[in-house]
Amino acid sequence: MAGFEVYFDALSDCADRALHISKQFKGMADESPPAVSAKCFGDLSGKSDKLGDAVKKLEEMLDTETRHAEQNLLKVEGALHTVINNIKRSDNPDNPNNQVKN
């Protein structure tokens, strides 16, 4: 691309970092927390059940958000590789070596 200097290594490093972080999110999402129930909180004047349910709901929300973050980071990683491929193809469309393998 005339007039632009593209740092493919930097884009590739960003893609690799996004993939690495997505694996960390996946690891967090795959770890199941211990079961939370009213027994965990003892007798709190009839509020133990509500507290247990609230903690369980929070854990479910955290799991959902963690898995969502993992999926979005995987999309970022793929998109960065697509950018690299598209730029290389536009610079020299006849060269089959201008493909970055994901």
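A. Focus on the overall build of the protein. Broken down by element type, the protein carries 2 helices and 0 strands. Restricting the contact set of the protein to residue pairs at least 6 apart, pairs at least 24 apart contribute 62%. For the protein, the computed accessible surface area is about 7700 Å², with 57% contributed by carbon and sulfur atoms.

B. Region of the structure containing the layout of surface pockets. Each pocket or cavity is described by its volume, and for the largest pocket that value is around 200 Å³. In terms of lining, the largest pocket is formed by Met-28, Ala-29, Glu-31, Ser-32, Pro-33, Glu-59, Glu-60, Leu-62, Asp-63 and Thr-66. Elements represented by at least two residues in the lining of the largest pocket include exactly helix 1 (8-30) and helix 2 (48-91). Top contributing element to the lining of the largest pocket by residue count: helix 2, with 5 residues. Here the lining of the largest pocket is composed, by residue class, of 4 nonpolar, 2 polar and 4 charged.

C. Expanded view of the pattern of salt bridges. For the coordinates displayed, the defined rule picks out 3 salt bridges. Where Arg-67 meets Asp-30, a salt bridge forms, and the shortest distance between an N and an O atom there is 3.4 Å. Of this pair, Arg-67 sits in helix 2 while Asp-30 is found in helix 1, placing the two residues 37 residues apart along the sequence. Linked by salt bridges that have partners in common, Lys-26, Asp-30, Asp-63 and Arg-67 make up one network.

D. Representation of the environment of Ala-35 in the model. Secondary-structure assignment places Ala-35 in the loop between helix 1 and helix 2. Overall, Ala-35 belongs to the exposed group, its relative accessible area being 73%. Measuring from C-alpha to C-alpha, the distance between Ala-35 and Gly-52 comes to 9.4 Å, with 17 residues separating the pair along the chain.

E. View of the packing of helix 1 against helix 2. Direction vectors running N to C along helix 1 and helix 2 enclose 160°, while the axes themselves pass 8 Å from each other. The angle between helix 1 and helix 2 falls in the class roughly antiparallel. Taken as a pair, helix 1 and helix 2 cross one another with a handedness that is left-handed. The residue makeup of the contact of helix 1 with helix 2, split by class, is 18 nonpolar, 4 polar and 7 charged.

The rules behind these values
Residues numbered from 1 in each chain as written. Predicted model: local features only at pLDDT ≥ 70, side-chain atom pairs only at ≥ 80, totals over all residues. Heavy atoms only, no water. Helix = DSSP H or I, 4+ residues; strand = E, 2+ residues; numbered from the N terminus. Contact = heavy atoms within 4.5 Å. Areas by Shrake-Rupley, 256 points an atom, 1.4 Å probe, with all protein chains shown as cover. 1 Å grid on protein atoms, 1.4 Å probe; cavity = no way out; pocket = protein on both sides within 12 Å on 5 of 7 lines; lining within 4 Å. Points joined across faces, edges and corners; volume = space filled by probe spheres on them. Nonpolar A, V, L, I, M, F, W, Y, C, P; charged D, E, K, R; others polar. Salt bridge = Lys/Arg side-chain N within 4 Å of Asp/Glu carboxyl O. Buried < 20%, exposed > 50% of the residue type's maximum accessible area, 1.4 Å probe, protein only. Axes fitted to C-alpha atoms, helices over the stretch in contact; angles between N-to-C directions. Parallel < 35°, antiparallel > 145°, perpendicular 65-115°, else oblique. Left-handed = near helix turned anticlockwise from the far one by under 90°.

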